[in-house]
Structures are given as C-alpha cells and as structure tokens.
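Structural features, examined
The chain contents come next:
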Amino acid sequence: MKYLKFILVGVFFGIVLVKSEAVSWYRIYEMFRFQSFHMYGIIGTAIASGILFLQLSKRGLIKSDEGADIYVPKKDRGMYRYIIGGTIFGFGWALIGACPGPMYVLIGTGVYSMLIVLLAATFGTFIYGVLKDKLPH
Amino acid sequence: MDFILNPWPWYVSGPLIAFVMALLLYFGKTFGMSSNLRTFCAIGGAGKYANFFKIRWRDYLWSLLVVLGAVVGGFIAVQFLSNGSTSAINPTTVAELNTLGFDNVGQTLVPDEIYALENLSSLKGLALLIIGGMLVGFGTRYAGGCTSGHAITGLSSLQRPSLVAVIGFFIGGLIMTNFLLPLIF
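In this convention, every chain numbers its residues from 1, walking through the sequence in written order. By the order in which they are written, chains take letters starting at A while ligands take numbers starting at 1. In keeping with the model being predicted, local features are shown solely for residues with a pLDDT of at least 70 and side-chain atom pairs are shown and tallied solely at 80 or more, while totals for entire chains, interfaces and linings include all residues. Heavy atoms throughout the structure, all of them, feed into the side-chain values; hydrogens and water do not.

A word on the interface of chain A and chain B. In this assembly, 103 residues from chain A lie in contact with 126 residues from chain B. Throughout, buried area stands for the accessible area (probe radius 1.4 Å) lost by two parts on being put together, summed over both. Across the interface of chain A and chain B, roughly 10,200 Å² is buried in total on both sides, 78% from carbon and sulfur atoms. For chain A, the biggest contributors to the area lost against chain B are A:Lys19, A:Tyr26 and A:Tyr104; these three give 9% of the whole. Its salt-bridge partner being B:Glu96, residue A:Arg33 comes within 2.8 Å of it at the nearest N-O pair. In protein, a polar contact means a hydrogen-donor-capable atom and an acceptor-capable atom, both N or O and within 3.5 Å, with residues adjacent in sequence counting only if both atoms are side-chain atoms; elsewhere, any N or O pair within 3.5 Å suffices. At the junction of chain A with chain B, the criterion picks out 31 residue pairs in polar contact (both at pLDDT 80 or more). Contacts are assigned to residue pairs with any non-hydrogen atoms lying within 4.5 Å of each other. For salt bridges, the criterion is a side-chain nitrogen of Lys or Arg within 4 Å of an Asp or Glu carboxyl oxygen.

Now the structure itself:
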C-alpha cells in the first residue's frame, strides 16, 4: 500500500494526460501558434485549481495523510538559470512536443521512438550535472 | 460512456491535473516529472562524474513508481478509454501543418513525420529526436523543473522563479514553433 498509491497516482496522471490531449504534439504546436485555447485552458484551470488547493492548505483546512502541513519546497533564488534553462527547455518542448511527463505516458501509448527521446533527455540531464558549477545560475 | 471515450475538455482536464499535484502533496511528496531524469542518471552511476548525481536513488523510488504508473496509464487510456476520435485541431493549424509536410494532423497523438520507427534509420529523423530530448533534459534540470514542477506546482504556489521559468518555456517554444520548425520541415 505504501507504494501502490504512487503507481495509482501515475496511472491516473497518464490517463488524464492522454484524454486531455496534453500529450499531443499537435496541441503543443497549436498552443505556440496561438491558434487554440485548449492548452491555455488546461494550464490555466490547473493553476487556478492548484492555487485554491494550496490556499486552503495554507489556512490549515487540508493536511497531509500524516496530519502534517502541506508543504511546497521553495525554488532557489536566481534569474539566469530560470530564463536560460527555461528557454532551452522550450526549444525542446516545441520540437518534440513532449515534456518529461508526457514522454513516459507516450511510451505507454505505443510511441516507441520516445525511448530514444527519453534516453537523450537523460543524457541532457547528465550534461547539466557535469557542467553545473560552470553555468550561471 | 461517450464523455469518457471522447477527448476530455480543458475545463475537466486542468483541474484533474491539479488533483494529481494535490494527491502527491497530500502524500508528502511533490509533483515534478523531470527529477526522474536525474534519478535515472544516479542509478546509471553518474555519481562518479558529478556530485549532482550523488543522491540515494531509493529516496526517489516513489517517483519512479509514478513514472511506471504513467506508462501504464497511457496504455490504458488508448487501449480501453478511447474510441479513435480525432483531435479537434484548429483547421488553420491543420492547413499550416499540411504545407509543412505533415499529413493526418490530429488523427494520432504524435506525428509519424517525427515519431514513425522508420525515422530512426535516417540521420535527420534520429537527430531530431536526440536533439529534442537533450534540449528538454538539459533545459529542465538547468531551470530546476518542467511543466509539472514550474508551470503547475510553482505557479500554483505563487513562486516568482517559476514564473520566470515559464516565460522562458514560452520564449523557447515560440521561437522553435514560429521560426525554426518551418526551416526544419
């Protein structure tokens, strides 16, 4: 049970990402051409619901399963890493139409070439890890 | 059943994605899909090359299980919860993509022009997948998160760094889609 719940959350996540078409390359293209509201609607309502949940948690109305406060780790301070790293991520996201979550989900839908993308993404993360101390953050 | 088998509208999907974030926070974890790439590196022995990968990967086993579930979820969604209906992609977008050389727009989740297995045997096809993957993997770790970590979790918790990262996502995405994709295809 300790681990089963995480598998179940993942299954639910995978189903939602497919049924919402958030894993569709075409939907990502459409979003970056401003030709559809679909992805903006998904991201917008996800953030709005997320804000509601976190504000209720902050006021102590929702606790974790162990009764502790719900806690979202603070992102490190910095500017360069977010704007440069974000832009590099954006290039890749728009090219292959998949961020890390959808990569896993699409493998499950039978897009086996995505294994190459996932391998390359893992290598990209490795390069970051090696260069980390030389990059501006 | 049609409401399940057809594609789900955005106003249903968005709150359900937030629900995934909420569940993970409720279980004392955080919603971030790109961190698993670091875990993969750590499992593969990358700790020998950089301290960044000297982590106890068993601490992140829960997240690998979410990934495993996501793969299964993708399978279930297409095998049992779909009726083969196509995406309602904007006709303008479809026409544009047709001129770029993409056929069957919206009839699958990803274009064959990029993801068909035959592409693995062409230099250009393979290079696109590898470069795209590396950009995502490098960029997301440099930025400290991806769509789930920054756009959903970070913006929901009103964090300024995440807003900057999401602006970056869009700068890169807009340049790629509007200027580079027409050159590539």
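There is more to say, and it comes next.
Our next topic: the packing of helix H1 (residues 4-19) of chain A against helix H2 (residues 10-26) of chain B. Contact pair H1(A) / H2(B): the axes reach a minimum separation of 10 Å and the direction vectors enclose 165°. By the angle between their axes, H1(A) is roughly antiparallel relative to H2(B). Pair H1(A) / H2(B) crosses with left-handed handedness. For the pair formed by H1(A) and H2(B), the contact residues are A:Phe6, A:Val9, A:Phe12, A:Phe13, A:Val16 and A:Leu17 on the first element and B:Ser13, B:Leu16, B:Ile17, B:Phe19, B:Val20, B:Leu23 and B:Leu24 on the second. Where helices are involved, their axes are fitted lines through C-alpha atoms of the stretch in contact, as for all axes, and angles between N-to-C directions lie from 0 to 180°. Counting from the N terminus, the helices are DSSP H or I runs at least four residues long and the strands are E runs at least two residues long. In these notes the angle categories are as follows: under 35 degrees is roughly parallel, over 145 is roughly antiparallel, 65 to 115 is roughly perpendicular, and the rest is oblique. Two helices crossing with the near one rotated counterclockwise from the far one by less than a right angle form a left-handed crossing, whereas a clockwise rotation gives a right-handed crossing.

Turning our eyes to something else, we now look at the nonpolar core. With 84 residues, the main nonpolar core has A:Trp25, A:Met103, A:Met114, B:Phe31 and B:Tyr115 as its most contacted residues. No other element matches the 8 residues that H1(A) contributes to this core. If near-sequence neighbours (up to four positions away) are discounted, B:Tyr115 is found in contact with A:Ile96, A:Val111, A:Ser113, A:Met114, A:Val117, B:Val110 and B:Leu129. Among buried residues, the Ala, Val, Leu, Ile, Met, Phe, Trp, Tyr and Cys ones that are joined through side-chain atoms within 4.5 Å form a nonpolar core. Exposure is judged per residue with a 1.4 Å probe applied to protein chains only, and the accessible area is read against the type maximum: over 50% gives exposed, under 20% gives buried, and values in between give partly exposed.

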